[in-house]
Amino acid sequence: GRVRAIRRGVLDPTPVVTIGGGDVSGERGLPGLAFSLDGSKLYVDYVTNDGMIHIDEYTMSGTPATASAPRQVLLIDHGPATNHNGGDLETGPFDGLLYISVGDGGTGGANGQRLTTLLGKILRIDPRQNGSVPYRIPATNPFVGTAGVNQEIWDFGLRNPWRFSFDRATGDL
């Protein structure tokens with residue numbers, strides 16, 4: 001997968017980012033990308049042949065902007081099914097946090113209802129690295145402090161949250 005830029009209405013032939021190892025079968029591939037609020041970071045969501053969902057960060061610099069080598073922010077085992085990957089990424093318009101939609105694994109199970117898996121959810125993280133930990137959990141996430149629950153969960157009970165958006169006026173998801 002190549003991410004290319006349109007500059008002044010013209011498609012730049014040089015990729016900003018080239019992602020290898022992605023899987024284009026079923027509903028996989030490169031389903032989402034988002035920029036940080038200041039445009040200095042590019043986040044991509046892609047699925048590899050082994051069913052792993054990758055959330056990677058690239059630092060953008062220069063004019064025209066080019067991307068650094070990727071930093072892995074999050075890795076989720078989606079399993080063997082090639083459908084229901086989710087894949088949208090959005091930067092919160094007021095909080096600058098990264099919202100990630102993840103499908104339920106495509107098996108028809110109840111992953112969306114299980115708070116012990118990241119599948120079937122919208123996750124909310126602060127993608128800034130914290131020492132050796134690749135991201136931070138916002139203190140205002142709904143399950144922070146609840147034992148046995150994934151703290152990244154923002155919304156749950158979803159089957160395949162492929163796209164979502166924020167209300168521009170209120171910031172509501």
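Residues numbered from 1 in each chain as written. Predicted model: local features only at pLDDT ≥ 70, side-chain atom pairs only at ≥ 80, totals over all residues. Heavy atoms only, no water.

### Focus: the environment of Ile 125
Okay, so step 1: With respect to the element layout, Ile 125 can be found in strand β12 (residues 121–125).
Okay, so step 2: For the pair Ile 125 and Glu 27, spaced 98 residues apart in sequence, the C-alpha to C-alpha distance is 24 Å.
Okay, so step 3: Excluding its chain neighbours within four sequence positions, the residues that come into contact with Ile 125 are Val 73, Leu 97, Leu 98, Ile 100, Tyr 135, Arg 136, Pro 138 and Glu 152. (Helix = DSSP H or I, 4+ residues; strand = E, 2+ residues; numbered from the N terminus. Contact = heavy atoms within 4.5 Å.)

### Quick notes on unusual backbone geometry
Okay, so step 1: With a phi angle near 55°, Arg 8 is a residue other than glycine that sits in the positive phi range.
Okay, so step 2: Among the secondary structure elements, Arg 8 is positioned in the loop between β2 (6–7) and β3 (10–11).
Okay, so step 3: Its identity as a non-glycine residue notwithstanding, His 84 has a phi of 55°, on the positive side.
Okay, so step 4: Following the sequence through the fold, His 84 ends up in the loop between β9 (71–77) and β10 (86–91).

### Brief notes about the environment of Leu 11
Okay, so step 1: On the secondary structure map, Leu 11 appears in strand β3.
Okay, so step 2: For Leu 11 and Lys 41, which are 30 residues apart along the polypeptide, the C-alpha to C-alpha distance reads 20 Å.

### Looking at the nonpolar core
Okay, so step 1: Among the nonpolar cores identified, the biggest contains 20 residues, and Ile 55, Val 73, Leu 74, Ile 76, Ile 100, Val 102 and Leu 123 are the most heavily contacted of them.
Okay, so step 2: Where this core is concerned, the elements lending two or more residues are β6 (41–47), β7 (52–61), β9, β11 (98–102) and β12.
Okay, so step 3: Once you skip the residues sitting within four places of it in the chain, Val 102 turns out to touch Ile 53, Ile 76, Asn 85, Gly 86, Leu 118, Leu 119, Gly 120, Lys 121, Leu 123 and Pro 161.
Okay, so step 4: Of all hydrophobic cores here, the second largest spans 10 residues; its members include Val 3, Val 17, Val 44 and Tyr 46. (Core = buried A, V, L, I, M, F, W, Y, C linked by side-chain atoms within 4.5 Å. Buried < 20%, exposed > 50% of the residue type's maximum accessible area, 1.4 Å probe, protein only.)

### Regarding the pattern of salt bridges
Okay, so step 1: Summed over all chains, the structure comprises six salt bridges.
Okay, so step 2: Taking the shortest distance from any N to any O, the salt bridge between Arg 7 and Asp 12 comes out at 2.4 Å.
Okay, so step 3: Residue Arg 7 is classed as partly exposed on the basis of its relative accessible area of 22%.
Okay, so step 4: With a relative accessible area of 18%, Asp 12 lands in the buried category.
Okay, so step 5: Between Asp 95 and Arg 124 there is a salt bridge, with its nearest N and O atoms 3.4 Å apart. With Asp 95 in the loop between β10 and β11 and Arg 124 in strand β12, the pair connects residues that are 29 residues apart, well separated along the chain.
Okay, so step 6: A relative accessible area of 5% places Arg 124 in the buried class. (Salt bridge = Lys/Arg side-chain N within 4 Å of Asp/Glu carboxyl O.)

### Things to note about the packing of aromatic side chains
Okay, so step 1: The full count for this structure, using the stated rule, is four aromatic pairs.
Okay, so step 2: Measuring from centroid to centroid gives 4.9 Å for Tyr 99 and Phe 166, while their planes differ by 75°, and the two rings are edge-to-face. You can see Tyr 99 sitting in strand β11 and its partner Phe 166 sitting in the segment after β13 (153–156), a full 67 residues away along the chain. Assigned by exposure class, Tyr 99 and Phe 166 land together as buried.
Okay, so step 3: Each ring, one from Phe 164 and one from Phe 166, has its centre 6.2 Å from the other, and the planes form 75°; the classification is edge-to-face. For the pair Phe 164 and Phe 166, one class covers both residues: buried.
Okay, so step 4: By the ring-pair criterion, three or more aromatic residues cluster together here, those being Tyr 99, Trp 154, Phe 164 and Phe 166. (Phe/Tyr/Trp six-rings, centres within 6.5 Å; stacked < 30°, edge-to-face > 60°.)

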